[in-house]
Amino acid sequence: MGGVIVTNPPKADAEDVEAIGRYGVATVHEAMGRTGLLGTHLRPIQRDTRIVGTAVTVLSWPGDNLMIHAAVEQCGAGDILVVTTTSPSTDGMFGELFATALRRRGVRGLVIDAGVRDTAELRAMGFPVWAAAVSAQGTVKATGGSVNVPVAVGGRPVHPGDVILADDDGVVVVPRSRARRTAQASAAREQKEAASRAAFLDGQLGLDRYGLRETLVRLGVTYRSYEEYRNESAAS
């Protein structure tokens with residue numbers, strides 16, 4: 001079966017990428033209107049790590065990592081490799097040797113909607129990975145696929161050159177065309193959250209800061225003392 005390897009696709013502007021990397025996944029996700037998350041099934045094999053970069057995408061067949069080998073040649077400094085398969089797979093398609101080759105080329109990490117192995121070695125060398133599974137199951141190199149084509153992860157499209165941001169909360173994709181706007185919106189949200197944080201430290205309640213008491217009234221939520229609640233419950 002054939003495929004295609006697309007060379008030198010356009011990428012998000014480096015300044016916008018680094019600006020997005022100043023914020024957490026949750027902040028960027030909210031700043032984009034609560035979109036862009038690649039699913040709760042992608043979990044980090046390490047902790048307390050955040051990476052940001054531009055996507056190099058790989059579409060492979062399950063249990064076959066041939067196209068990851070092909071993708072290494074297309075990767076450069078500041079990239080993040082994003083791998084998915086044509087049907088669900090948990091096989092360990094990526095390990096320490098791949099990470100060694102990618103680290104040499106300046107790649108910042110891996111997001112794989114399949115399995116990864118050599119996790120202790122990956123943590124020891126400081127190569128960040130977000131994966132759908134951890135499995136020692138080996139793979140073959142027998143079927144063609146594609147590199148730097150649009151793929152879908154967790155139902156969300158990822159195009160080559162899009163911004164990928166990953167941390168302990170998960171992975172979010174920022175379309176290349178929205179990178180600058182998202183960086184600006186994330187900065188505004190961070191300022192808003194800083195103001196709220198200061199207010200909470202000063203003792204203000206979210207009920208008052210966000211006007212939620214009126215929301216409770218509108219939804220018919222009432223307050224009762226314990227005695228009132230107990231008597232009303234007993235009567236009913």
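Above this note sits the structure.
Treat the numbers as computed from the prediction; the structure is a model and nothing was measured.

(A) The arrangement of the pattern of salt bridges in detail. Scanning all chains against the criterion turns up 9 salt bridges. Put simply, Arg-108 and Glu-18 hold a salt bridge, and the shortest N to O gap is 2.9 Å. Of the two residues, Arg-108 sits in the loop between α4 (96-104) and β5 (109-116) while Glu-18 sits in helix α1 (residues 14-20), which places them 90 residues apart along the sequence. For Glu-193, the salt bridge identified is with Arg-189, shortest N-O distance 3.2 Å. Of this pair, Glu-193 and Arg-189 both sit in helix α6 (residues 179-201), 4 residues apart, roughly one helical turn. When its relative accessible area of 26% is taken as the criterion, Glu-193 is described as partly exposed. Relative accessible area serves as the criterion here: at 27%, Arg-189 is assigned to the partly exposed category.

(B) α4, seen in detail. Looking at α4, one finds that the buried residues are Phe-98, Ala-99 and Leu-102. Each buried residue of α4 sits inside an arc of 100 degrees when the element is viewed along its axis, so together they form one side. Facing away from the buried side of α4 by more than 90 degrees, the exposed set consists of Leu-97 and Arg-104. Of the surrounding secondary structure, the elements contacted by the buried residues of α4 are α3 (66-72), β3 (79-85), β4 (92-94) and α5 (119-125). Within two residues after α4, Gly-106 carries a phi angle of roughly 85 degrees, on the positive side.

(C) Structural view of the layout of surface pockets. Taken as a whole, the largest pocket holds about 180 Å³ of empty space. The wall of the largest pocket is formed by 13 residues, among which Asn-65, Gly-95, Leu-97, Phe-98 and Arg-117 lie closest to the centre. When contributions to the lining of the largest pocket are tallied by element, the ones reaching two or more residues are β4 and α4. Residue composition of the lining of the largest pocket, grouped by class: 4 nonpolar, 5 polar and 4 charged.

(D) Highlighting the environment of Ala-131. For Ala-131, the position within the fold is in strand β6 (residues 129-134). Those residues within four positions of Ala-131 in sequence are excluded, and the remaining contacts are His-41, Leu-42, Arg-43, Ile-112, Ala-114 and Val-116.

(E) The arrangement of the pairing of strand β2 (residues 51-60) in detail. Counting buried positions along β2 yields 9 of 10 residues, so the element is predominantly enclosed. Where β2 meets strand β10 (residues 163-167), 4 bridges bridge the pair, whose relative direction is antiparallel. For Ile-51, the partnering residue across the bridge sits in β10 and is Ala-166. In this view, the connection linking β2 to its parallel neighbour β3 by way of α3 has right-handed handedness. For β2 and strand β7 (residues 146-147), the ladder comprises 2 bridges, and the chain directions are antiparallel. Paired with Val-58 across the strands is Val-147, a residue of β7.

(F) Up close: the packing of aromatic side chains. Enumeration over the complete set of coordinates arrives at 3 aromatic pairs. Consider the rings of Phe-94 and Phe-98, whose centres lie 5.4 Å apart with planes at 20 degrees: the pair is stacked. Here Phe-94 and Phe-98 have matching classes, each one buried. Between Phe-200 and Tyr-210 the ring centres are 6.1 Å apart and the planes differ by 90 degrees, which places this aromatic pair in the edge-to-face class. Placement of Phe-200 in helix α6 and of Tyr-210 in the loop between α7 (206-209) and α8 (212-218) is noted, with a sequence separation of 10 residues between them. Overall, Phe-200 belongs to the partly exposed group, its relative accessible area being 37%. Judged by its relative accessible area of 44%, Tyr-210 is partly exposed.

What counts and what doesn't
Residues numbered from 1 in each chain as written. Predicted model: local features only at pLDDT ≥ 70, side-chain atom pairs only at ≥ 80, totals over all residues. Heavy atoms only, no water. Salt bridge = Lys/Arg side-chain N within 4 Å of Asp/Glu carboxyl O. Helix = DSSP H or I, 4+ residues; strand = E, 2+ residues; numbered from the N terminus. Buried < 20%, exposed > 50% of the residue type's maximum accessible area, 1.4 Å probe, protein only. Arc of directions from axis to C-beta. Contact = heavy atoms within 4.5 Å. 1 Å grid on protein atoms, 1.4 Å probe; cavity = no way out; pocket = protein on both sides within 12 Å on 5 of 7 lines; lining within 4 Å. Points joined across faces, edges and corners; volume = space filled by probe spheres on them. Nonpolar A, V, L, I, M, F, W, Y, C, P; charged D, E, K, R; others polar. Pairing = 2+ DSSP bridges. Right-handed = clockwise from strand over helix to strand, strands pointing away. Phe/Tyr/Trp six-rings, centres within 6.5 Å; stacked < 30°, edge-to-face > 60°.

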